[in-house]
Every structure is written in structure tokens, then in C-alpha cells.
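So you can see what is in the structure, the chains are spelled out below.
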Amino acid sequence: MEWILRLATHQDIPALHELIPHSVHQLQKDYYSLELREGALGSVFGVDSQLIKDGTYFVVENNTGIIGCGGWSYRKLLYGSDQLHTIDESSLLDPKYDAARVRAFFVDPNYVRKGIGTAILRACEEAIIASGYTRAELVATLTGEHLYESHGYVAVERYEIELKNGLFLPAVRMLKSFTI
């Protein structure tokens, strides 16, 4: 196989700090200005070590290193990196009432359209269902909206996220229900 998918570990964090800005700057340049991308890096787009601690974050690697990442969460936070955490947002969701969160997908621009995002999404959805959730929710970038839509996610809200530099990042909240 050209690459493998596995759960992320704490040792992967330095590689993720390299992958995420590389992915953002290359893959989102047709959707977001440089100022928007820069404003979102480190807050909206960044490493969320809680996902790694929770065992819900995946990486894809090949012989060159980590080429993709993404995960899911049973916590309230819908998006963001370590810099956005608050006590309320880290509280747990209830699978009986809440949708699990699909979070923080990034792919190396040299490896797009090779099934990496789809593989990570499938692994997330399998884990979400195994954890008792019947729905998943996410906040997609304009870049990622098509991927999620092609896997059954439906846009339910378009809005803007205020960034640290005072600009606003267009985003799409999406939902999917699972038949169990």
C-alpha cells in the first residue's frame, strides 16, 4: 500500500505542526485570501492535542512521513486548535442526544485525490458509530465542503468564524445521520 492509516500519537505533533500550514496555504488558496488563511492558522486551523489524547485522531503516513490527518470528538468543540479550548467546549457530548464532531482534516497537497480524506472519514465514522452516536456534525471549510457532501453530509448553516486578526472565515456547518 502507498500509505497507512493509524491513530495519532503525541510524537506526531511536530509533523502535524508542519503539515497543517502547508495544507492550508496550498489547498485553500483558491478559496481564502492569504490574510484569512494566516488569521485562521493556529486557532481555527491547528493541532488539537485533546483529540490525540482521546484516541480519536488519525494520521496517514507513507515513507516520506505524515501526509494526512483528521479525527472526531465526543466533546462539544466543533473546530479549532489547542488555542481555542475552554472548559465548556471540552465537556462531553451524550450520544443519545448529541452528534459526534468530525474535526481537523488536512492533507498534504502532493497527495490530494488519492483517497486519504475518504479513508480518514470512514475510520472516524466507524468509530463514531461504535461509540453509540447516530449523527455526526462538522464545520467544513469551503475547500472541504465537497468531500463531506460526497459522503452524505448536508449543509445546514453557512456562517463566518471571527479570526484573531479581525477577519471572518466563511464556513459551513454540516450534518449526517447514520442508519444503524
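Placed above this text is the structure.
So, how was this worked out
Residues numbered from 1 in each chain as written. Predicted model: local features only at pLDDT ≥ 70, side-chain atom pairs only at ≥ 80, totals over all residues. Heavy atoms only, no water. Helix = DSSP H or I, 4+ residues; strand = E, 2+ residues; numbered from the N terminus. Rg over C-alpha atoms; globule rule 2.2 N^0.38 Å. Buried < 20%, exposed > 50% of the residue type's maximum accessible area, 1.4 Å probe, protein only. Contact = heavy atoms within 4.5 Å. Areas by Shrake-Rupley, 256 points an atom, 1.4 Å probe, with all protein chains shown as cover. Lys, Arg positive; Asp, Glu negative; His and termini not counted. Charge placed at Lys NZ, Arg CZ, Asp CG, Glu CD.

Visitor: Can you walk me through the overall build of the protein chain in this structure?
Guide: Secondary structure assignment for the protein chain yields 5 helices and 7 strands. Helices and strands in the protein chain line up, N terminus first, as β-α-α-α-β-β-β-α-β-α-β-β. A globule of 180 residues ought to have a C-alpha radius of gyration of about 16 Å, and the protein chain, at 15 Å, matches this closely. Across its three principal axes, the protein chain shows a C-alpha extent of roughly 40 × 40 × 30 Å. The buried share of the protein chain, reckoned over its 180 residues, is 48%. Here the analysis covers contacts within the protein chain between residues at least 6 apart in sequence; of these, 71% occur between residues at least 24 apart. Roughly 9,000 Å² of accessible area belongs to the protein chain as shown, and the carbon and sulfur atoms make up 52% of that amount. Charged side chains in the protein chain number 17 positive and 23 negative. The centres of these two groups are separated by 3 Å.

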